[in-house]
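What follows is each chain in one-letter form.
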Amino acid sequence: MSVLRKNSTRVGPGYPQVVVLVGATGDLSRRKLLTGLFHLTNAGFIPWCRIIGVSLDDIDADAFRTIARDSLDKFLTRKFSQSEWEAFAASLDYVPLAAGANALKEAVDRAEGSTRRRDAARPLFIRATKCRPSGRATPCPG
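Residues numbered from 1 in each chain as written. Predicted model: local features only at pLDDT ≥ 70, side-chain atom pairs only at ≥ 80, totals over all residues. Heavy atoms only, no water.

1. A short note on the confidence of the model for the chain
Low pLDDT means the predicted atomic positions in that stretch should not be read closely.
Thinking step 1. Scored by pLDDT, the chain comes out at a mean of 81, with 70% of its residues at no less than 70.
Thinking step 2. Under a pLDDT of 50 for its full length, residues 1-5 has, in the predicted model, 13 contacts with residues more than four places off or in other chains.
Thinking step 3. Confidence drops under a pLDDT of 50 for residues 138-142, and excluding neighbours within four residues, the segment shows 15 contacts in the predicted structure. (pLDDT = per-residue confidence, 0-100. Contact = heavy atoms within 4.5 Å.)

This is how it looks when you write it as structure tokens:
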């Protein structure tokens, strides 16, 4: 049984999750969201989860994995094994915001295709950014 599926039959959603984390390289993501998602996937509360980071930083998936690992090492309050990290790292992908909507759609499609039940995968968008006045990188809604 996979490390990420410990409790998958008892708790959490009964379908795969694709999490799109907007602002993935920012402080909130590093301190709270990546560590929380690690804990939830590791405990099996989010079975078959895939996480796609999105931000203004022009980096690739490996650099995002490095950010995630550094975040866990710095902010996670419990120890974790190399196999737990490897399982989580395998669930991570990254799309720079400048790559555009088509690149993000392709990443979501790939993530959905890698889940156990592609037909049941449901994307979840988490915004980890501050709302800025119009004309800036992240405009306020309407």
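We are not done yet, so read on.
2. A short note on the pattern of salt bridges
Thinking step 1. Inspection of every chain in the model, using the stated rule, returns six salt bridges.
Thinking step 2. A salt bridge links Arg78 to Glu84; the nearest nitrogen and oxygen atoms lie 3.9 Å apart.
Thinking step 3. Judged by relative accessible area, Glu84 falls into the buried class, the value being 12%.
Thinking step 4. When the shortest N-O distance is used, the salt bridge between Arg110 and Asp93 registers 3.1 Å. Placement of the pair is Arg110 in helix H4 (residues 101-113) and Asp93 in strand S3 (residues 92-96), with a sequence separation of 17 residues. (Salt bridge = Lys/Arg side-chain N within 4 Å of Asp/Glu carboxyl O. Buried < 20%, exposed > 50% of the residue type's maximum accessible area, 1.4 Å probe, protein only. Helix = DSSP H or I, 4+ residues; strand = E, 2+ residues; numbered from the N terminus.)

3. A few points about the side chain of Ser91
Thinking step 1. Looking at the element boundaries, Ser91 is found in the loop between helix H3 (82-90) and S3.
Thinking step 2. In this structure Ser91 comes out as buried when scored by relative accessible area, which is 3%.
Thinking step 3. Sequence-distant contacts of Ser91, defined by excluding residues within four places in its chain, comprise Cys49, Arg50 and Ile51.

4. What to know about the nonpolar core
In globular proteins that are soluble, nonpolar side chains generally tend to be buried together.
Thinking step 1. Counting 20 residues, the largest nonpolar core has Leu37, Ile51, Leu72, Trp85, Phe88 and Leu92 as its most contacted members.
Thinking step 2. If you list the elements that add at least two residues to this core, you get strand S1 (17-22), helix H1 (27-43), helix H2 (61-75), H3 and S3.
Thinking step 3. For this core, the element with the highest residue contribution is H2, accounting for four residues.
Thinking step 4. Membership of the second largest hydrophobic core comes to eight residues, among which are Val20, Val95, Val108 and Ala111. (Core = buried A, V, L, I, M, F, W, Y, C linked by side-chain atoms within 4.5 Å.)

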